[in-house]
Amino acid sequence: MAIEYSERIRRLPVYPVAGAYDLGGDVAMLASNESPDPPLAAVVAAAQRAVAGANRYPDPSNTQLRRALSNRYGVAASRIAIGNGSCDVLLAAGEALLEPGAEFVYSWPSFSVYPHLAAASGARAITVGLDEDQCHDLDAMAAEVTAATRLVIVCNPNNPTSTALPFDRIAAFVESVPRHVAVIVDEAYCEFNMLDDPDTTLDLLPKHSNLVLLRTFSKVYGLCGLRVGFALCGGDDFPRAVDQVRQPFFSNVAAQAAAVEALKHQDAVADRVERAIVARVEVESGLNELGIEPAPSQANFCWFDLPEDAGEAEVVAGLAQRGVIVRAGGALGREGALRVTYGTPAHNARFLDALAAVL
Ligand SMILES: Cc1ncc(COP(=O)(O)O)c(C=O)c1O
């Protein structure tokens, strides 16, 4: 007899994981919007020092990391939540805010974890299509906010489409949402957004106690393997709520120490952003030569529709045969599209050569 699982487990979507984890050799891993650069030696050393004390539980309050983030971003430590990756904060937000009868508004296609929040809680997911520029349609989202809405998420820049909205549009949207509705602006890729300084949204926090800026060490800081994310909040109730629904030791000693050290190296962050922008220009022009027009990227990846006669699965398989792993759009909300992370110059060139060969 098979084990009998909860009704909830049947509702939960399975996260579309990337392939290639079992491939050896020099694979161009362009499927998960990671940084192509390994962590700095000082960051690795800080993590190693912390591991030497791993017979002790990690600090459940993440005191040093929250202090370091508070100094960097000018947000009180009591208004900062830490997570085992920003996904952890997202899932905890779903648990803390949603329940049957509640509504949760987000755009689609957007980050594949969002559907999980409604499915897990039994809340109603209200998904709003992107506009013709593949950007969030904030007016349409605002129109979906009702008395039952508990949570709205805006992903800016948006994964998987790479597009971003300017600060003034985000600010006006946040202003329009009633104060009792939590608004998470998921800024996992904000450092790569050239429309505005990534720190601009911080100005909204003192004005909006319901606002949460969700950020991560996984992308520009290049620490996704250690799993650290954080939320900068307009109030201290959100950090308290997400801590209440999780196990106390959600972030390990190596992750906390590495993140504290990584914050000290803002010059390295600026370098990585610069290299991503160079890659953006090179990949976009290579795609243009193949007759492909990617969405205007403000992230560390691009998103484009394949030519009509090219099958998505065949192209992804053909690229994989040539040592290039990318994401098929179908699993991310748009059949016939591809999402490709910018990698090293060599991997980007390999991707463009491989795509030319496959098409
Ligand atoms: C938009 C967005 N938000 C959040 C995350 C979660 O990242 P992590 O849990 O590694 O912080 C990702 C990861 O790809 C993402 O694309």
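Rules of the game
Residues numbered from 1 in each chain as written. Predicted model: local features only at pLDDT ≥ 70, side-chain atom pairs only at ≥ 80, totals over all residues. Heavy atoms only, no water. Salt bridge = Lys/Arg side-chain N within 4 Å of Asp/Glu carboxyl O. Helix = DSSP H or I, 4+ residues; strand = E, 2+ residues; numbered from the N terminus. Buried < 20%, exposed > 50% of the residue type's maximum accessible area, 1.4 Å probe, protein only. Pairing = 2+ DSSP bridges. Contact = heavy atoms within 4.5 Å. Axes fitted to C-alpha atoms, helices over the stretch in contact; angles between N-to-C directions. Near = heavy atom within 4 Å. Polar contact = N/O pair within 3.5 Å; in protein donor to acceptor, adjacent residues only side chain to side chain. Areas by Shrake-Rupley, 256 points an atom, 1.4 Å probe, with all protein chains shown as cover. 1 Å grid on protein atoms, 1.4 Å probe; cavity = no way out; pocket = protein on both sides within 12 Å on 5 of 7 lines; lining within 4 Å. Sits in = over half its atoms within 2 Å of the grid points. Right-handed = clockwise from strand over helix to strand, strands pointing away. Parallel < 35°, antiparallel > 145°, perpendicular 65-115°, else oblique. Left-handed = near helix turned anticlockwise from the far one by under 90°. Nonpolar A, V, L, I, M, F, W, Y, C, P; charged D, E, K, R; others polar. Core = buried A, V, L, I, M, F, W, Y, C linked by side-chain atoms within 4.5 Å.

**Regarding the pattern of salt bridges**
Link 1 in the chain: The full count for this structure, using the stated rule, is 14 salt bridges.
Link 2 in the chain: The shortest N-O distance in the salt bridge between aspartate 236 and arginine 240 comes to 3.8 Å.
Link 3 in the chain: Measuring nitrogen to oxygen at the nearest pair gives 2.7 Å for the salt bridge that ties aspartate 305 to arginine 334. Taken together, the residues span a long stretch of sequence, with aspartate 305 in strand S9 (residues 301-305) and arginine 334 in the loop between strand S11 (327-328) and strand S12 (337-341) at a distance of 29 residues.
Link 4 in the chain: Judged by its relative accessible area of 34%, aspartate 305 falls in the partly exposed class.
Link 5 in the chain: Of the residues examined, arginine 334 reaches a relative accessible area of 33% and is grouped as partly exposed.

**Considerations on the sheet that holds S11**
Link 1 in the chain: Pairing is antiparallel across the open sheet formed by 3 strands, whose spatial order is S9-S12-S11. For this open sheet the edge positions go to S9 and S11, each flanked by a neighbour on one side alone.
Link 2 in the chain: As defined by bridge partners, S9 adjoins S12 across 5 bridges and the pair is classed as antiparallel. Note that in S12 the partner of phenylalanine 304 across the bridge is leucine 338.
Link 3 in the chain: This element, helix H11 (residues 312-321), spans S11 and S12 of the sheet and lies at about 30° to S12.

**Description of the site of the ligand**
Link 1 in the chain: What surrounds the ligand is a group of 13 residues, the closest being Ser86, Asp186, Tyr189, Thr216 and Ser218.
Link 2 in the chain: Tyrosine 189 is positioned such that a nitrogen or oxygen atom in its side chain is 2.6 Å from an oxygen atom of the ligand.
Link 3 in the chain: At 2.9 Å, a side-chain N or O of lysine 219 approaches an oxygen atom of the ligand.
Link 4 in the chain: For the ligand, whose accessible area on its own is 400 Å², the fraction buried by protein is 93%.
Link 5 in the chain: When each cavity is represented as a set of grid points, the ligand is found to reside in the largest pocket.

**Digging into the pairing of strand S6 (residues 182-186)**
Link 1 in the chain: The element S6 is largely enclosed, with a buried count of 5 among its 5 residues.
Link 2 in the chain: Burial along S6 is two-sided: Ala182, Ile184 and Asp186 facing one way and Val183 and Val185 facing the other are all buried.
Link 3 in the chain: Direction of pairing for strand S5 (residues 149-155) relative to S6: parallel, over a ladder of 5 bridges. Along S6, the bridge assignment pairs leucine 151 with alanine 182.
Link 4 in the chain: Crossover connection from S5 via helix H7 (residues 167-176) to parallel S6: handedness right-handed.
Link 5 in the chain: In this structure, S6 lies alongside strand S7 (residues 211-216), joined through 4 bridges in parallel fashion. By the bridge assignment for S7, isoleucine 184 is matched with valine 212.

**Quick word on the environment of valine 212**
Link 1 in the chain: Within the secondary structure layout, valine 212 lies in strand S7.
Link 2 in the chain: C-alpha separation for the pair valine 212 and asparagine 71, spaced 141 residues apart in sequence, amounts to 18 Å.
Link 3 in the chain: In contact with valine 212, not counting residues within four places along its chain, are Val183, Ile184, Val185, Ala231, Leu232, Cys233 and Phe238.

**Looking at the packing of H11 against helix H12 (residues 345-358)**
Link 1 in the chain: The geometry of H11 relative to H12 is characterised by a closest axis approach of 9 Å and an angle of 130° between their N-to-C directions. With respect to each other, H11 and H12 are oriented oblique. Two packed elements cross with a definite hand, and for H11 against H12 that hand is right-handed. Of H12, the residues touching H11 (which contributes Glu314, Val315, Gly318 and Leu319) are Phe351, Ala354, Leu355 and Val358.
Link 2 in the chain: Classifying every residue of the contact of H11 with H12 gives 6 nonpolar, 1 polar and 1 charged.

**Re the nonpolar core**
Link 1 in the chain: If you look at the biggest cluster of nonpolar residues, it comprises 55 residues, and the most contacted ones within it are Leu65, Leu69, Phe217 and Leu232.
Link 2 in the chain: The dominant element in this core, judged by the number of residues it contributes, is helix H9 (residues 253-263), at 7 residues.
Link 3 in the chain: Once you skip the residues sitting within four places of it in the chain, leucine 69 turns out to touch Gly74, Ile80, Ile82, Phe217, Phe230 and Leu263.
Link 4 in the chain: Of all hydrophobic cores here, the second largest spans 27 residues; its members include Leu98, Phe111, Val113 and Ile184.

Functional significance is not addressed by these values, which are geometric in nature.
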